[in-house]
Amino acid sequence: MINQKDRLKLLLWVGAAFALWCSSPSLRGQSQRRIIEILADRDSRYKMAGQKHPEIIAKPGEELTLRITARKAQTHNRDGSIHGFMLLRAKDRKPVDGWDLLLRPGTQEFNLTAPVEPGEYLIECTVICSPDHDQMNMRFVVEP
Ligand SMILES: [Cu+2]
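Just so it is clear, the model here is predicted, and its values are computed rather than measured.

1. With respect to the sheet that holds strand β1 (residues 34-40)
Part 1 of the argument: The strand order across the open sheet built from four strands is β2-β1-β4-β7, with neighbouring strands paired in mixed fashion. The strands lining the two open edges of the sheet, one partner per strand, are β2 (46-47) and β7 (106-113).
Part 2 of the argument: By the bridge criterion, eight bridges tie strand β4 (residues 63-70) to β7 in an arrangement that is antiparallel. Its bridge partner lying in β7, A70 is registered against G106.

The following block contains the structure:
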């Protein structure tokens, strides 16, 4: 026979185990988000390690974590952002919901979902960060 106190203890243990299970994707057998590291550099270019012409290739609706490090170019926005990071559909330049980021100096992480529609996309800087701002862009491809 378990008494009231033991029952409460048991309940707490079950609750704690459940909270742990909920907070850990790997325990649930789900795949972790893919982490993509990007440098938004002081020469008004996006850079990715090992890529001469950086591009991101994603699956439709893929869950991504973008870890973006921003270094100040020449100018910045009033709000302190030094580069932007906006995703547009290439064929009509329609912005993708949730992908209009403003970058502060240093490293920030953004959890984002890739568009579900396969095709070509563009990432562009939205902060006039230097005279070279216009060429601050990179490709983003959603594979079918
Ligand atoms: Cu920029």
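2. Digging into the packing of aromatic side chains
Part 1 of the argument: A full pass over the atoms with the stated rule returns three aromatic pairs.
Part 2 of the argument: Centre to centre, the rings of Y46 and F85 are 5.5 Å apart; their planes meet at 80°, and the pair counts as edge-to-face. A residue pair is termed long-range when its members are at least 10 positions apart, and Y46 in strand β2 and F85 in strand β5 (residues 83-89) qualify at 39 residues. Across this residue pair, the class does not change: Y46 and F85 are buried.
Part 3 of the argument: The interplanar angle of 85° and the centroid separation of 6.2 Å between the aromatic rings of Y121 and F140 together place this pair among those described as edge-to-face. With a gap of 19 residues between them, Y121 in strand β8 (residues 119-124) and F140 in strand β9 (residues 137-142) connect regions that are remote in the sequence.

Thresholds applied
- Residues numbered from 1 in each chain as written.
- Predicted model: local features only at pLDDT ≥ 70, side-chain atom pairs only at ≥ 80, totals over all residues.
- Heavy atoms only, no water.
- Pairing = 2+ DSSP bridges.
- Helix = DSSP H or I, 4+ residues; strand = E, 2+ residues; numbered from the N terminus.
- Phe/Tyr/Trp six-rings, centres within 6.5 Å; stacked < 30°, edge-to-face > 60°.
- Buried < 20%, exposed > 50% of the residue type's maximum accessible area, 1.4 Å probe, protein only.

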